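Summary of the model geometry
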Number of protein chains: 2
Amino acid sequence: MGKQQGNISTAVIRRLPKYHRYLKDLLDREVYRISSKELSVLTGFTASQIRQDLNNFGGFGQQGYGYNVEELYKEIRSIMGLTKTYNTVIVGYGNLGQAIANYTSFEKSGFSLKGLFDTNPEIIGNKVKDIYIHALDEMENFLKNNQIDIAIISTPKAYAQDIATRISKAGVPGIWNFAPVDLKVPEGVIVENVHLSDSLFILSYLISNQEDVE
Amino acid sequence: MGKQQGNISTAVIRRLPKYHRYLKDLLDREVYRISSKELSVLTGFTASQIRQDLNNFGGFGQQGYGYNVEELYKEIRSIMGLTKTYNTVIVGYGNLGQAIANYTSFEKSGFSLKGLFDTNPEIIGNKVKDIYIHALDEMENFLKNNQIDIAIISTPKAYAQDIATRISKAGVPGIWNFAPVDLKVPEGVIVENVHLSDSLFILSYLISNQEDVE
DNA sequence: ATAAGTTTGGTAAAATTTTAACAATTTACA
DNA sequence: TGTAAATTGTTAAAATTTTACCAAACTTAT
């Protein structure tokens, strides 16, 4: 069960996927027991931080022993909401939309692609892996009739805000946004951004100011 | 010039691209003057934080006036290393590699794609926008002969570490990594990650624990 | 069974990051 | 020209995040 108070800091939340990733690796390597000290070597976080992080959700470890990898993995998956299935759509079927649609690992993690939307008449009506490409006009109806949990926005910048507003109105709780804008959405709608150029620019900053580090 | 001490915190660095983005918008809208208070409304950062952030690099503002948008934009671009050109290659020309290669906005920002690499014999030798797809074997030679600054890794997980090691040995200073692993590289090589599934999992966490927020 | 070695969870301290406050300076306008 | 309003850069305070520490509890080996 765990405590799961609603005041987990974003710093902790951002580290959860990394724990998830390494625990999966350990399971695959048939390691069934791990201490915070060993996890520290793998993840680069301090052992103390790892214990603090995990304790936000419950006391999963045992003194003198450490953590049971399988149990902890399951707990983390549950905490992260990865035990459910999420219905998704992709809005904007350009290069990026196609790349995301073809990323099979998302399906494996429980993210089920239900629909694709675009404005290009040349591709509307086509099927991609059993999924139709619909006209953008049909989006609202589709969202309502298919219990969509996550809408993925991969349109050009100029359309993203309008689409986000429409998605929000249709009652979709989550948006995964790849457009390089900060979307304004009503309370209760959650936006997670993947700002590729921001990331690239951080890299260029770090390369340019590298002397500082050395 | 600015002070540009080498101890800028990553918290500050992560905010730089957002300043850059909004300053560009302002310029496009022909707004030539902005106060930290107004920037605060746009970015969602506090005015105080904005002044603190900018002051890490120099006193670009003027009391009673605010900041000159054009000047500040130029300064930020310079700080972020966006006044130079970076030669890049993409290693792994799958769906994601293709999406990145076709992202024209990177070219506009000074990131010049010089080569593509893959192991698939069916596509090796093909040209994409005047750029050849090379065999992976040729990578080291190419990197050395073409002054590559940034290698973009968009291979499957299993190959990423080996490729990162080879890239580092070839003297490339920056890696933009899309593979879902944490790469180990020698000192002096900078890795910036885009972990798509981590981002998606954060979204699923936030959706699943939404009640907490309300 | 006992003792020595591990390791957690919690508490306290340290470090970092954010916010608040304000003197100094400039702008804007009467 | 003079005065009120605006706004920065800087210093100090508050808040948050990370690290250090250690008693309690478990494991392992003898």
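Attention in this report is confined to the structure presented alongside it. (Residues numbered from 1 in each chain as written. Chains lettered and ligands numbered in written order. Predicted model: local features only at pLDDT ≥ 70, side-chain atom pairs only at ≥ 80, totals over all residues. Heavy atoms only, no water.)

Comments concerning the packing of helix α1 (residues 10-28) of chain A against helix α4 (residues 69-79) of chain A
Residue and element names in this part refer to chain A. α4 packs onto α1 with a crossing angle of 145° between their chain directions and a minimal axis gap of 9 Å. By crossing handedness, the relation of α1 to α4 is classed as left-handed. For the pair α1 and α4, contact is made by L16, Y19, H20, L23, K24, L26 and L27 and by V69, E70, L72, Y73, I76, R77 and I79, respectively. Here the residues of the contact of α1 with α4 sort into ten nonpolar, one polar and three charged. (Axes fitted to C-alpha atoms, helices over the stretch in contact; angles between N-to-C directions. Helix = DSSP H or I, 4+ residues; strand = E, 2+ residues; numbered from the N terminus. Left-handed = near helix turned anticlockwise from the far one by under 90°. Contact = heavy atoms within 4.5 Å. Nonpolar A, V, L, I, M, F, W, Y, C, P; charged D, E, K, R; others polar.)

Some thoughts on the pattern of salt bridges
For the coordinates displayed, the defined rule picks out 16 salt bridges over all chains. Between R21(A) and D198(B) there is a salt bridge, and its shortest N-O distance comes to 3.0 Å. Taken together, the positions of R21(A) in helix α1 and D198(B) in helix α9 (residues 196-208) put the pair across two chains. A residue is classified by how much of its surface remains accessible, and R21(A), at 12% relative accessible area, is buried. Close ionic contact of R166(A) with D162(A) constitutes a salt bridge, the shortest N to O distance being 4.0 Å. Within this pair, R166(A) and its partner D162(A) are both found in helix α8 (residues 157-169), separated by four residues, close to a single helical turn. If you follow the salt bridges from partner to partner, you end up with K18(A), R21(A), D182(B) and D198(B) in one network. (Salt bridge = Lys/Arg side-chain N within 4 Å of Asp/Glu carboxyl O. Buried < 20%, exposed > 50% of the residue type's maximum accessible area, 1.4 Å probe, protein only.)

Quick notes on the pairing of strand β6 (residues 131-135) of chain A
All names here are of chain A. Within β6, four of the five residues are buried, which leaves it mostly tucked inside the rest of the structure. Relative to β6, strand β4 (residues 111-118) runs parallel, the two being bridged by three bridges. Note that in β6 the partner of F117 across the bridge is H134. Alignment of strand β5 (residues 127-128) against β6, held across two bridges, turns out to be antiparallel. Residue pairing across strands places K127 opposite Y132, the latter belonging to β6. Connecting β5 to the antiparallel partner β6 that follows it, the hairpin turn spans two residues, and K129 within it adopts a positive phi of roughly 50°. (Pairing = 2+ DSSP bridges.)

Considering the protein's contact with DNA strand D
In the neighbourhood of DNA strand D, 27 residues make up the surrounding shell, with Q52(A), Q63(A), S36(B), G61(B) and Y67(B) lying closest. Near the protein, within 4 Å, the atoms of DNA strand D are sugar or phosphate in 64% of cases. At 2.9 Å, a side-chain N or O of S48(A) approaches a base nitrogen of DNA strand D. The side chain of R51(B) places a nitrogen or oxygen atom 3.0 Å from a base nitrogen of DNA strand D. For the surface near DNA strand D, the elements supplying multiple residues, two or more each, are α3 (47-55) of chain A together with α3 (47-55), β2 (61-62) and β3 (66-68) of chain B. The dominant element in the surface near DNA strand D, judged by the number of residues it contributes, is α3(A), at four residues. In terms of residue class, the surface near DNA strand D is made up of four nonpolar, 18 polar and five charged. (Near = heavy atom within 4 Å. Polar contact = N/O pair within 3.5 Å; in protein donor to acceptor, adjacent residues only side chain to side chain.)

Structural notes on the protein's contact with DNA strand C
Near DNA strand C there are 26 residues, and of these S36(A), N55(A), Y67(A), R33(B) and Q52(B) occur at the shortest range. Near the protein, meaning within 4 Å, the atoms of DNA strand C are sugar or phosphate in a fraction of 65%, with bases accounting for the rest. At 3.0 Å from a base oxygen of DNA strand C is found a side-chain nitrogen or oxygen belonging to Q63(A). Note that a sugar or linking oxygen of DNA strand C is positioned 3.1 Å from one of the backbone N or O atoms of G64(A). Put simply, the parts of the chain that give the surface near DNA strand C at least two residues each are α3 of chain A together with α3 of chain B. Of the residues forming the surface near DNA strand C, the biggest block, four residues, is contributed by α3(B). Taken together, the residues of the surface near DNA strand C break down into four nonpolar, 17 polar and five charged.

Regarding the nonpolar core
The biggest cluster of nonpolar side chains holds 102 residues, and the ones touching the most others in it are L116(A), I150(A), W176(A), L116(B), I150(B) and W176(B). Those residues within four positions of L116(A) in sequence are excluded, and the remaining contacts are I90(A), Y93(A), A101(A), V128(A), I131(A), Y132(A), I133(A) and H134(A). (Core = buried A, V, L, I, M, F, W, Y, C linked by side-chain atoms within 4.5 Å.)

What about the relation of the copies chain B and chain A?
Note: a rotation about an axis with an accompanying shift along it relates these two copies of the chain. Overlaying chain B on chain A yields an RMSD of 0.0 Å, the required transformation being a rotation through 180° with an accompanying axial translation of 0.0 Å. Interpreted geometrically, this transformation is the action of a two-fold axis. Within chain B, A99(B) has its C-alpha nearest the rotation axis, a separation of 3.2 Å. A shared interface surface links the copies, since 100% of the contact residues of chain B are contact residues in chain A too. (Least-squares fit on C-alpha atoms with pLDDT ≥ 70 in both.)

Let's talk about the environment of T165(A)
Tracing the chain through its elements places T165(A) in helix α8. Sequence separation of T165(A) and L183(A) is 18 residues, and the distance between their C-alpha atoms is 8.6 Å.

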